[in-house]
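Analysis of the macromolecular model
What follows is each chain in one-letter form.
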Amino acid sequence: MREEDLAEVMELEKRAFTSPWTREMYLRELEKPEGCYVTARSEGELVGYGGTLLILDEAHVMTLAVREDRRRRGVGARLLLELVRRSEENGARFLTLEVRKSNLAAVGLYERFGFQIMGERKHYYLDNLENAFIMWTEDITTPEYRRLLEDLRERYGDAVQR
């Protein structure tokens, strides 16, 4: 993700989240050397984005969004595959995130990536005071996790342009 992507990111952000981040928040995130933000495009159009923040050996999934008409087509999985790859390259051994309890599609995606529900944050979302699941992966550097990623790459492809 680059600053020039932010106009499209902000459009999707407002459609995807009830408490969207601001442009200024994204600009601050993009400046952080421990941050990693990526976009997915199809025929030049933004169809999704995601980002992590590395804290010691833990990569926190900060955001993941897919355009509504592109959901359930593997875009989120390919974004997450790239975020996991880059997180490991940057020294992460574990990934963590918070997700709305009601967002069953996202919970299912994260479970396919080996995330497990490890707790709950009460009233985490300020818009409606919904609780969030706290999810963690096991060590992503193990042979078992690498096999899981390989299976996911075979299923979803690796459509990231490098």
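Presented here is a report on the structure given in the accompanying data block.

**Things to note about the layout of surface pockets**
The calculated volume of the largest pocket comes to roughly 1,200 Å³. Along the wall of the largest pocket there are 37 residues; nearest its centre are Phe17, Leu64, Asn103, Ala106 and Tyr110. Contributions of two or more residues to the lining of the largest pocket are made by helix H1 (6–16), strand S3 (58–66), helix H3 (75–89), strand S4 (94–100) and helix H4 (104–112). Per element, the largest residue contribution to the lining of the largest pocket is seven residues, and it comes from S3. For the lining of the largest pocket, the per-class residue count stands at 21 nonpolar, seven polar and nine charged.

**Observations concerning the pairing of strand S2 (residues 45–55)**
Two faces, one strand: in a regular strand the side chains alternate between the faces of the sheet. For S2, the tally of buried residues reaches nine of eleven residues, placing the bulk of the element in the interior. One ladder, built from eight bridges, connects strand S1 (residues 35–42) with S2; its direction is antiparallel. Bridge pairing in S2 links Val38 to Gly50. Hairpin connection from S1 to S2: two residues lie between these consecutive antiparallel strands, with Glu43 at a positive phi of about 50°. The sheet contact formed by S2 and S3 spans eight bridges and is antiparallel. Across the sheet, Tyr49 pairs through a bridge with Ala65, a residue of S3. Linking S2 to S3, which pair antiparallel, is a turn of two residues; within it Leu56 sits at a positive phi near 55°.

**Brief notes about the pairing of S4**
Of all seven residues that make up S4, six are buried, and the element is covered over most of its length. In terms of strand pairing, S4 meets strand S6 (residues 132–136) through five bridges, oriented antiparallel. Note on S6: the bridge partner recorded for Thr96 is Trp136.

**Digging into the packing of H1 against helix H2 (residues 23–31)**
In the contact formed by H1 and H2, the axes pass within 10 Å of each other and the chain directions differ by 125°. With respect to their mutual orientation, H1 and H2 come out oblique. In this structure, the crossing between H1 and H2 has a hand that is right-handed. Along its contact with H1, which presents Leu6, Ala7, Val9, Met10 and Glu13, the element H2 presents Arg23, Tyr26, Leu27 and Leu30.

**Observations concerning the sheet that holds S3**
Read from one edge of the open sheet, six strands run S1-S2-S3-S4-S6-S5, paired in mixed fashion. A single partner strand is all that each edge strand has here, and the edge strands are S1 and strand S5 (116–121). For this sheet, the mean angle separating the axes of adjacent strands, direction not counted, is 25°. Relative to S2, H1 is tilted by about 85°, and along the sheet it contacts S1, S2 and S3. The strands touched by H2 within the sheet are S1, S2 and S3, with S1 carrying the most contacts at an inclination of about 115°.

**Remarks on the packing of H3 against helix H5 (residues 143–156)**
Two elements in contact, H3 and H5, have axes separated by 10 Å at closest approach and are oriented at 145°. In this structure, H3 meets H5 at a crossing whose hand is left-handed. Across the interface between the two elements, Ala77, Arg78, Leu81, Val84, Arg85 and Glu88 of H3 pack against Tyr145, Arg146, Leu149, Leu152, Arg153 and Tyr156 of H5. Here the residues of the contact of H3 with H5 are counted per class, giving seven nonpolar, no polar and five charged.

Each value, and the rule that gives it
Residues numbered from 1 in each chain as written. Predicted model: local features only at pLDDT ≥ 70, side-chain atom pairs only at ≥ 80, totals over all residues. Heavy atoms only, no water. 1 Å grid on protein atoms, 1.4 Å probe; cavity = no way out; pocket = protein on both sides within 12 Å on 5 of 7 lines; lining within 4 Å. Points joined across faces, edges and corners; volume = space filled by probe spheres on them. Helix = DSSP H or I, 4+ residues; strand = E, 2+ residues; numbered from the N terminus. Nonpolar A, V, L, I, M, F, W, Y, C, P; charged D, E, K, R; others polar. Buried < 20%, exposed > 50% of the residue type's maximum accessible area, 1.4 Å probe, protein only. Pairing = 2+ DSSP bridges. Axes fitted to C-alpha atoms, helices over the stretch in contact; angles between N-to-C directions. Parallel < 35°, antiparallel > 145°, perpendicular 65-115°, else oblique. Left-handed = near helix turned anticlockwise from the far one by under 90°. Contact = heavy atoms within 4.5 Å.

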